[in-house]
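Inside the fold
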Amino acid sequence: MTGLKEKIDMMLRQVQKPARYTGSEWNAVQKDHTNVDLKMVLAFPDLYEVGMSNLGLKVLYEAVNRNDNYLMERVFAPAADMEEQMRVHKVPLFALESGRPLAEFDLVGFSLQYELCYSTVINMLDLAGIPICCRDRTDSDPLVVGGGPSTCNPEPVASFFDFFLIGDGEEALPELLEKLAGLKKAGLGRKEIIKGLSDLEGLYIPSFYEDQYNDGIYSGLVCTEPGAPLPVRKRVVKDLDKAVCPAAPPVSYLQAIHDRGVIELFRGCSRGCRFCQAGFIYRPVRRRSRETVVEAAKKTVALTGYDEISLSSLSSCDYPDIDLLIEELNAAFQGRKIKFSLPSLRLDSYSVKLAEQVHRGRRSSLTFAPEAATDRLRKVIGKNLSTGEIFSALDAAVEVGWQGFKLYFMIGLPTEERADVESIVDFCRDVRTRFKKKAGKKLDLSVSVSTFVPKAHTPFQWEPQISLAEIEERQRLLREGFKKIPGIRFSWHEAEASFLEAVFARGDRRLASVLEKAWQLGCRLDGWSEHFSFKLWKQAFEECSIRPEDYANRNFSLEDPLPWGHLHCGVSFDYLIRERENALDDARNWGVENE
Amino acid sequence: MSRLLFEFHRLETIRYISHLDMLRLFQRAFYRSGLPLEFSQGYNPHLKFNLAAPLPLGATAAGEYGEIELGAEVEPELFLDKLAPQLPGGLTLAGAAVLEDNSPALPSLVEAASYEAEPAGFSDLLSAQRAGAAIGGLMAADEVAIQKKTKKGKTVTVNIRPHIFETEALYSSIGLLKVKMLLKAGSAGGVAPAVVLGKLNDFTGGLMPAENWSLHRSGLYCLLDGQMNPLTEGMCFIQWIKK
């Protein structure tokens, strides 16, 4: 006879990185299950070391667990070896803190960071023994909620979720739990509970709406529940200084992808690059004051033991008086060997100066995202930097001693032509030559090229992704080009993964059948190239008689109802249409203005 | 400036973390502790801190040691008081001492480690007999060959028999209680307990797979005048303070 504990121990001895599944990290919160009103588990549909790097997880963990009446535990997707063990030994997916099966919780909340996690969500529900479709769940099953950036078009996964929380979660989630606790206490059934939650701002209950089609084309949603809101508006935290700033998140034993403390400087971005979903769905811009940031940094270092703090935002140098902030932080930690890092630096001389201030002597490589290699295309996408400005920023970086750059570009942007693609190679060659002259030595240059994915709630939401064949052709062009330049590391995103991302980013509810089929065929952890199998996905689409091209490569007209049109994520479609017009005007006028 | 030696035990809750994880865990505990830390020079300064020998993933342990250099004189009592509350559940401090200047670096002293492997899932009389026979076979062999991958990826055959100092099976009335091993360890090479258990499994014809053992490291040893001694015997300090 072996008990569950012995069984799990035996499983752990046979898998890679067993610490992914054992919890008990520093700052992990252990609560008595019999002593709370409501038990929630936050499920992250990716591996432990990815999920533990996520800021949202830390924020929600603190927002819920600081209240004695509720508890939140964590669970991450098991890697393939652990999944096999769980299925062989019939051990259901369990939460890290208590080791209890997910089915024993009241609420399971999935963090939906991007589209390629959907098959993993289904797999985790199945491993937990929770029916994957909400219509099959009974009163004894947990409620399943989704949150995170992908919920700004959650339609492809709508049938797997009882509801979604759209927008900022740190205030909305505790409110949801409070309501839920009340409804549970009243002894209501699943349907009544869901109904009772419906007046919570930011809550989207897919079963209250029915999707409609005309000749196989999406024609809109109708309300089937009297009083259900239309549109559903996202939640917005008004004051970041008063919001949760998690200073004591669980500190993982094994190395997380981002293994450091993190403080959010501000949410939202005022730049409005037209391809960037984050730039629109996190609006308006809300800042944390310098005082709050410095206090949070002190607390984080004291409570976690991290020696590095990331000052996170979508565009760090847009933080007002950022130099003052860095001065104050340096003063606060004088002689303490605490490092700071500024992700998402803009490619201008000011940012280079900032990086210099922050890194003080540690010279590795600087990461920048020019996104496009021609002034024209950068203007179209709203990244208003000229090649001249970029080069002088790089010059400045070289002068103060940076030894390498990582440059991010995109292909397939609206209005892109062959010449724009070829310019990426020319641009990087110029950077290399220029540096050689300036510094007299070889530059460590890596270039990464991804493919544009049109995303909901951006000015480019109507635009098609270029065809899969065209992505591959443009990638080939780049490979050929970079082959001729020695000393540049060139990498590109898998074309098929970007294609799939585009399918689901603008998908509708019909795609649920494909997701379920793909999962049955064995798809999961699709963000990992060793797991991603486009062959299986193709088979799933075929068996469901759905053409993925009809989604990824669709050119929506401005009159077409959009599958995510019933969700209001902070920016009106009128504004997005104007921005789209501006982009196309910029493209049209470019030749005229620059002759 | 002072250099401190400390003893710790690793319990079940955090047995599944790697050596690098252990180093990180201690580093963060030191950062939180408020002790006066001493750093190396250079662009990436790190703590002057060592653990005696890497613990196998999955093993609990008693009698593990670490050493750290601090930037000021710190009494062992204060050291223990500051560090203990910063260690996660599953890691306990047993004691500490201030090291003399001439005390050798901790990892360089390690010569051997003792392990206790408890069967998880096959503790019956039949397996007890098999374990006994397997140990007999192993210890009687002049050569125990294993395949090992070198850093360059080549596979070479290594004889681990000289690295197995002692192996012994202990029994209870119902079956096998545990297998005790004393194995060579330390920077000059050694053998991992899982490798030895794997060999024992071979001797039983595959009836005792390595994942069915629960592993515990009971002690670390150094060599003094040709004799195995507890590791602390090789270190120079005046007074050992128990937690």
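Residues numbered from 1 in each chain as written. Chains lettered and ligands numbered in written order. Predicted model: local features only at pLDDT ≥ 70, side-chain atom pairs only at ≥ 80, totals over all residues. Heavy atoms only, no water.

1. Some points on the interface of chain A and chain B
Every contact between the two is made by 31 residues of chain A and, on the other side, 28 residues of chain B. Summed over both sides, the interface of chain A with chain B buries roughly 2,400 Å², with 56% coming from carbon and sulfur. Run the count over chain A and chain B and you get three salt bridges. Its salt-bridge partner being Arg24 of chain B, residue Asp259 of chain A comes within 3.9 Å of it at the nearest N-O pair. There are nine residue pairs in polar contact (both at pLDDT 80 or more) connecting chain A and chain B. Residue assignment for the side of chain A that touches chain B shows that the elements contributing at least two residues are α1 (4–12) and α9 (290–304) of chain A. (Contact = heavy atoms within 4.5 Å. Buried area = accessible area lost by both parts, 1.4 Å probe. Salt bridge = Lys/Arg side-chain N within 4 Å of Asp/Glu carboxyl O. Polar contact = N/O pair within 3.5 Å; in protein donor to acceptor, adjacent residues only side chain to side chain. Helix = DSSP H or I, 4+ residues; strand = E, 2+ residues; numbered from the N terminus.)

2. A closer look at the nonpolar core
With 245 residues, the main nonpolar core has Trp537 of chain A together with Phe26, Phe30 and Phe79 of chain B as its most contacted residues. Considering every element that reaches this core, the biggest residue donor is helix α16 (residues 495–505) of chain A, with eight residues. Discounting chain neighbours no more than four positions away, the residues touching Phe30 of chain B are Phe6, Leu35, Leu37, Leu47, Phe49, Ile68, Phe79 and Leu83 of chain B. One finds Leu377, Met410, Phe452 and Ala583 of chain A within the second-largest nonpolar core, a separate group that totals twelve residues. (Core = buried A, V, L, I, M, F, W, Y, C linked by side-chain atoms within 4.5 Å. Buried < 20%, exposed > 50% of the residue type's maximum accessible area, 1.4 Å probe, protein only.)

3. Considering the state of the cysteines
Residue and element names in this part refer to chain A. Evaluation of the coordinates by the stated rule reveals zero disulfides over all chains. With no disulfide of its own, Cys569 has Cys152 as its nearest cysteine by sulfur position, at a separation of 4.8 Å. With relative accessibility at 3%, the residue Cys569 sits in the buried group. (Disulfide = S-S within 2.5 Å.)

4. A short note on the pattern of salt bridges
Residues and elements named next belong to chain A. The full count for this structure, using the stated rule, is 61 salt bridges over all chains. Across the pair Asp106 and Lys184 runs a salt bridge whose closest N-O atoms are separated by 3.3 Å. Placement of the pair is Asp106 in the loop between α4 (80–88) and β3 (107–111) and Lys184 in helix α6 (residues 172–185), with a sequence separation of 78 residues. Across the salt bridge formed by Glu175 and Arg235, the nearest N and O atoms sit 2.9 Å from each other. With a gap of 60 residues between them, Glu175 in helix α6 and Arg235 in the loop between β9 (232–233) and β10 (261–264) connect regions that are remote in the sequence. Judged by relative accessible area, Glu175 falls into the partly exposed class, the value being 34%. A single network of salt bridges, built from pairs that share partners, joins Asp168, Glu170, Glu264, Arg267, Arg286 and Arg288.

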